[in-house]
Every structure is written in C-alpha cells, then in structure tokens.
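The residues making up each chain are set out below.
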Amino acid sequence: MTAIKNNGTAVAVATSEKATEVLTAVVVSKPDNGAKKAVNLPADLIEPGNYNARKTFDPDALRELSQSISVHGLIQPITVRTRDEGERLRYEIICGERRFRACRMLDMKEIPCIIREATDEQARQISVTENVQRVDVPPMEAAEEYKYQLKKGADVASLAVIYGKSEKHIYQMLKLCDLIPGIAKLIRERKLSPSAGIVISKYDKKMQGDILKDRLGEDGRGEWCSISAGALEGKIQSCYTNSLENYHFDKTACIKCAFNSSNFDLFAEGSGCGKCTNEKCLSDKQTAFLVDQAKAEALKDPNLTFIGDQYSYGCEAKQIVKKGGYEFKNVHRHNLTKYPTAPHRPASYRLQKAGGLRESTSQTRQGHGAVRK
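None of the values given here were measured: they were computed from a predicted structure. (Residues numbered from 1 in each chain as written. Predicted model: local features only at pLDDT ≥ 70, side-chain atom pairs only at ≥ 80, totals over all residues. Heavy atoms only, no water.)

A.B. asks: What should I look at first to understand the packing of helix H4 (residues 139-151) against helix H5 (residues 156-163) in this one?
C.D. replies: Packed helices, taken two at a time, are described by their axes: the angle between them and the distance between them. Running from amino to carboxyl end, H4 crosses H5 at an angle of 130°, the nearest separation of the two axes being 10 Å. Taken together, the axes of H4 and H5 are oblique relative to one another. The way H4 lies across H5 gives a crossing that is right-handed. Between H4, through Glu145, Tyr146, Gln149 and Leu150, and H5, the contact on the second element is made entirely by Val156, Leu159 and Tyr163. Its residues placed into classes, the contact of H4 with H5 shows five nonpolar, one polar and one charged. (Axes fitted to C-alpha atoms, helices over the stretch in contact; angles between N-to-C directions. Helix = DSSP H or I, 4+ residues; strand = E, 2+ residues; numbered from the N terminus. Parallel < 35°, antiparallel > 145°, perpendicular 65-115°, else oblique. Left-handed = near helix turned anticlockwise from the far one by under 90°. Contact = heavy atoms within 4.5 Å. Nonpolar A, V, L, I, M, F, W, Y, C, P; charged D, E, K, R; others polar.)

Given below as structure tokens:
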C-alpha cells in the first residue's frame, strides 16, 4: 500500500497480485457540496447516467486506461448518485463513465465511488463540468452541451466561468451546432478538425452541402479535409463567395449583414465591401437590381428591344422582364464583345490609275502561271 498527499487530498492505493482485484480509496480532507469518502460499490449495481456530455468512447483509449488501472489502480473514483428502484438500491454515474467502462473491461467486481446527492439538473451540471474541462472531450458534444445550457437560461458569460473557457471559445464552439449533419459527422469521426468546422459553419446550409459534396466528401476523403483552417478559409472564399465590389446594387443593407465576410471574425478583411457568403440573397438582390434597371430603360422607350446573351436563357431577371411584355433577342456572346475589323491602307503600287492597276494585276497573274509551269 502506498500513500500520496496532493493539494490536501490523501490517496491510498491497495493492490493485490490479481489486476482485477485492484482497489482504491480516496479521502477528501475538505468535503464540499456533499462529497464523501469513496466506497467500493458492486459493479453490477452501477449504471451509466443520461447526463454525460461524452457520447463516444475510443476503444483504443479505453484499453490504455484499463491497462493503467490494472497497474496503478483507479486513482480517481467515479462519482455516482443513488437511484431507488424498488427493493434494490442502484447507483447512477454522474461523472466517470469512461473510468467505469475501463474497470468493467478488467472485470472488477467492485469499483471505488463517491456517492453524492444531486437532482437531475445538478447531476447534469456536475457531469458536464467534469467532462468539458478535460482536453479530450469531443468538440461536437461540448458544443451541443453549451447549446443545451443556453436553452436552459444560461448565458455565454456564465458558461465561460463555469467551464473555465473564454467567451470567444464558447461562441466559436457554438458555431459547430450550425453545421449540417454530414459535416458534423466528419468532426465526430475526427476526419475534419473543429477549427475547419468553425470556418465552414459561417456559411448557409446550401453552401455547406456543396462544400461537403464537392470538396470534403461524405467519407472524409476529399481534398479539403486535410488542409489547415486558414488555407480552407482562402479556398472557400475563392470558390464559393462573390466580392460585393463587383455588384452595383445598393449595398447599404450589406454593410452590417451577418453574411458579409467583413463581419466575420475569421474572415475579416479590414476594408472594402467584403465578400457575400449568402448565394441566394446575392442572387435575389442582383435580379431585383437588373429588373429595376430594365424597367427604367423601358419607360424611356416603349419600343425598346432587349438584347441578351444566348447563355442567359434561364436568367431570372430576363424571364421577369419578358413577362412584362418586352421583346428579348438573343445574340451570340462573341457579337457582344467583338468590334468590326478595321480596313488596311492599300499598298502604294495599288494607288495608280485604274488601267495601270489592272495591268499590274494581269502581270502578277501571268507571273504566277509561269511559276506553276
């Protein structure tokens, strides 16, 4: 048996020759909020609770933990609360389910536990606090728990205090809840980094779906899955956004728009109009602008005929103008951009009188004939 004192807590570890008989006991020198001395409870009376933020358990990590417990014992007992189910008292895990699973892998008959009295909400709070403060908590599950707490009436400032995180961290993690299921799944499976997920979460659901299908792949093998968040940011802006400077409609409403990249922490450009990340909104505004421009020109000349690019047949603005009774003619694109070829100045020998020009031409033809012979 060995004894270690650390921060006012005495830890006693008792071991035997059999790994499955490893027992531990923890005595808290300053019990707080109902904390009590650890006791060994029958493993078959302990069951997982419904409050654990962690929903996934890495099999390899569990095996490593069970190996550690077999050698050193369970240094930190799990925390449980009593559940009265008829004639037999049972214990529900508040925090420590991962440790509990590792102990069961060792077929331990008894597991060291600290029994606490807690309501459902208190149990959830304790569980989340214990899990979120661990560095290996899955990011999507932490984000979902933050969202749940906000729905229950908490605010970001209080969550930052409770979980020991910055408010910026809470806000960024909450953005993961805005991801479509396919991208969230990639993060759960660790095929996409949380920071990359935060970048993608800035965009609407349709664009996220396009990014998933075209660049990430539902299996997480796409070309964009392995690049850094910074590189991903640049690629998305290049391939999926449009610079507002290229559009001439009134952009007053765009200045403070949530879909303007200038208003994103991760996309801030510092100057200019920014980039629009809402494809539908941009298309609607551009369509309205083109229709208004067409109507204004039509008022000046009722007999006006509109000319359209042959590739713009499905253009929404064009269809709206046509429904207004105006004629549209399609032309080939090269006719819209090419100018007539300028004539060349004739050679000086051609600037003779007509007879001499014909003679010169005739001689030239005869000379060509002689060459062919």
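The discussion continues.
A.B. asks: Explanation requested: the packing of aromatic side chains in the structure shown.
C.D. replies: Pairs of aromatic rings are described using the distance from one ring centre to the other and the angle between the two planes. As enumerated under the stated definition, the model contains two aromatic pairs in all. Ring centres 6.0 Å apart and planes at 80° place the aromatic pair Trp224 and Tyr240 in the edge-to-face group. On the criterion of sequence distance, the pair formed by Trp224 in the loop between helix H9 (205-216) and helix H10 (229-240) and Tyr240 in helix H10 is long-range, its members being 16 residues apart. Residue classification places Tyr240 among the buried positions, given a relative accessible area of 14%. Lying over the aromatic face of Phe249, Lys251 brings its terminal NZ or CZ to 5.8 Å of the ring centre. (Phe/Tyr/Trp six-rings, centres within 6.5 Å; stacked < 30°, edge-to-face > 60°. Buried < 20%, exposed > 50% of the residue type's maximum accessible area, 1.4 Å probe, protein only. Lys NZ or Arg CZ within 6 Å of the ring centre and 35° of its normal.)

A.B. asks: How should H5 be read in this particular structure?
C.D. replies: Since the α-helix packs 3.6 residues into each turn, any two residues three or four apart lie on the same face. Those residues of H5 that fall on the buried side of the exposure criterion are Val156, Leu159, Ala160 and Tyr163. One side of H5 holds all its buried residues, which, seen down the axis, span an arc of 105°. (Arc of directions from axis to C-beta.)

A.B. asks: Any chance you could explain unusual backbone geometry here in plain terms?
C.D. replies: Phi is mostly negative for residues that are not glycine, and the peptide bonds are mostly trans. A positive phi is found at Asp107, a non-glycine position, where the angle reads about 60°. Tracing the backbone through its elements, the reader meets Asp107 in the loop between helix H2 (97-105) and strand S8 (110-115). Although it is not a glycine, Arg190 sits at a positive phi angle of roughly 60°. Residue position: Arg190 is located in the loop between helix H7 (181-188) and helix H8 (194-200). On the accessibility criterion, Arg190 (65% relative accessible area) is exposed.

A.B. asks: Could you clarify how one ought to interpret the environment of Tyr163 in this entry?
C.D. replies: On the secondary structure map, Tyr163 appears in helix H5. You can call Tyr163 buried: its relative accessible area is 1%. When the C-alpha positions of Tyr163 and Val128 are compared, they lie 8.4 Å apart, and in sequence the two are 35 residues distant.

A.B. asks: How should the nonpolar core be read in this particular structure?
C.D. replies: The nonpolar side chains of a soluble globular protein tend to be buried, and buried together. Grouped together as the largest cluster of nonpolar side chains are 36 residues, with contacts concentrated most on Ile200, Leu216 and Ile236. The residues touching Ile236, leaving out its near neighbours within four places in the chain, are Val199, Ile200, Tyr203, Ile211, Trp224 and Thr241. In this structure, Leu65, Ile69, Leu106 and Cys113 belong to the second largest nonpolar core, which totals 18 residues. (Core = buried A, V, L, I, M, F, W, Y, C linked by side-chain atoms within 4.5 Å.)

A.B. asks: Before we go on, may I ask you to explain the packing of H9 against H10 in this structure?
C.D. replies: Running from N to C, H9 and H10 point in directions that differ by 105°, and their axes come no closer than 12 Å. Between H9 and H10, the angle is such that the two are roughly perpendicular. Between H9 and H10, the residues in contact are Met207, Asp210, Ile211, Asp214 and Arg215 and Ile236, Cys239 and Tyr240, respectively. Per-class residue counts for the contact of H9 with H10 are five nonpolar, no polar and three charged.

A.B. asks: Help me understand the pairing of strand S7 (residues 88-95) in this model?
C.D. replies: Consecutive side chains along a regular strand alternate between the two faces of the sheet. When you tally the buried positions in S7, you get six out of eight residues, the bulk of the element. Bridge count between strand S5 (residues 46-47) and S7: two bridges; the pairing is parallel. Paired with Glu47 across the strands is Glu92, a residue of S7. (Pairing = 2+ DSSP bridges.)

A.B. asks: Looking at this structure, I do not really get the confidence of the model for the protein chain. What am I missing?
C.D. replies: When pLDDT is low, close inspection of the predicted coordinates is not appropriate. Here the protein chain averages 75 in pLDDT, and 71% of its residues register 70 or above. Contacts from residues 1-35, a stretch scored under 50 in pLDDT, to residues over four places away or in other chains number 52 contacts. Considering only residues more than four positions removed or in separate chains, one finds that residues 357-373, a stretch of pLDDT under 50, has three contacts. (pLDDT = per-residue confidence, 0-100.)

A.B. asks: Help me understand the pattern of salt bridges, please; the structure alone is not making it clear to me.
C.D. replies: Side chains that carry opposite charge are capable of pairing whenever their charged atoms lie near each other. The full count for this structure, using the stated rule, is 15 salt bridges. Between Asp178 and Lys175 there is a salt bridge whose closest N-O contact spans 3.1 Å. Taking the shortest distance from any N to any O, the salt bridge between Lys280 and Asp284 comes out at 2.9 Å. With Lys280 and Asp284 both in helix H11 (residues 279-300) and four residues apart, this pair spans about one turn of that helix. Using a relative accessible area of 58% as the deciding quantity, one classes Lys280 as exposed. Bridged by salt links that share partners, the residues Arg81, Glu92 and Asp120 form one connected network. (Salt bridge = Lys/Arg side-chain N within 4 Å of Asp/Glu carboxyl O.)

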